[in-house]
Amino acid sequence: LVHGLLDENVHFRHTSRLINELIKRRIRYELLLFPNQRHTPQVHADKMYCEDRILDFFKDALRTEGSSRGTNDGAESAQM
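A few points on the structure. Just so you know, these numbers come straight off a predicted model, no measurement behind them. (Residues numbered from 1 in each chain as written. Predicted model: local features only at pLDDT ≥ 70, side-chain atom pairs only at ≥ 80, totals over all residues. Heavy atoms only, no water.)

## Some words on unusual backbone geometry
Of note in the backbone geometry, Arg26 takes a positive phi value of approximately 60 degrees without being a glycine. With respect to the helices, strands and loops of the structure, Arg26 is situated in the loop between α1 (12-24) and β2 (32-34). By relative accessible area, which is 44% here, Arg26 ends up partly exposed. (Helix = DSSP H or I, 4+ residues; strand = E, 2+ residues; numbered from the N terminus. Buried < 20%, exposed > 50% of the residue type's maximum accessible area, 1.4 Å probe, protein only.)

Here it is in structure tokens:
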């Protein structure tokens, strides 16, 4: 999950509702927050950081394919 805390369309309460549902269903998740950004990062450094984190996530997920990463007791995974 990626969320800009200054987003005027998707308020953090929407993200928190999704997180609560993921927890209720025992689905693991990762959260990347940008406190000073709106819907998508506009500052170059934040864009690069976000893209690097997403790339790292996919590299890690693909490297550990078939392992228990992202699951909890067989539950489906929803990450980033």
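## Thoughts on α1
Along its 13 residues, α1 runs 18 Å from first to last C-alpha, staying within 8% of the 18 Å computed at 1.5 Å per residue. Here α1 has its buried residues at Thr15, Ile19 and Leu22. One side of α1 carries all its buried residues, which in axial view fall inside an arc of 60 degrees. Of the residues in α1, the exposed ones pointing more than 90 degrees away from the buried face are Arg17, Asn20 and Lys24. Elements in contact with the buried residues of α1: β1 (2-4). (Expected span 1.5 Å × (residues − 1). Arc of directions from axis to C-beta. Contact = heavy atoms within 4.5 Å.)

## Digging into a nonpolar patch on the surface
Together, Leu5, Phe12, Ile23, Tyr29, Leu31 and Leu33 make up an exposed nonpolar region whose accessible area comes to about 470 Å². Inspection of the secondary structure puts Leu5 in the loop between β1 and α1. By relative accessible area, Leu5 is classed as partly exposed at 38%. (Patch = residues over 30% accessible without salt bridge, like charges linked within 9 Å, V, L, I, M, F, W, Y side chains within 5 Å. Areas by Shrake-Rupley, 256 points an atom, 1.4 Å probe, with all protein chains shown as cover. Salt bridge = Lys/Arg side-chain N within 4 Å of Asp/Glu carboxyl O.)

## A word on the packing of aromatic side chains
Tallied over the entire structure, the rule returns 2 aromatic pairs. When the centroid spacing of 6.4 Å and the interplanar angle of 80 degrees are considered together, the rings of Phe34 and Tyr49 count as edge-to-face. Here Phe34 is found in strand β2, whereas its partner Tyr49 is found in helix α2 (residues 44-63), with 15 residues between them in sequence. What makes Tyr49 partly exposed here is its relative accessible area of 42%. (Phe/Tyr/Trp six-rings, centres within 6.5 Å; stacked < 30°, edge-to-face > 60°.)

## Some thoughts on the side chain of Asp7
With respect to the helices, strands and loops of the structure, Asp7 is situated in the loop between β1 and α1. Of note is the side chain of Asp7, whose polar atom sits 3.1 Å from the backbone nitrogen of Val10. Filtering out sequence-adjacent residues up to four positions away, Asp7 remains in contact with Gln37, Arg38 and His39. (Polar contact = N/O pair within 3.5 Å; in protein donor to acceptor, adjacent residues only side chain to side chain.)

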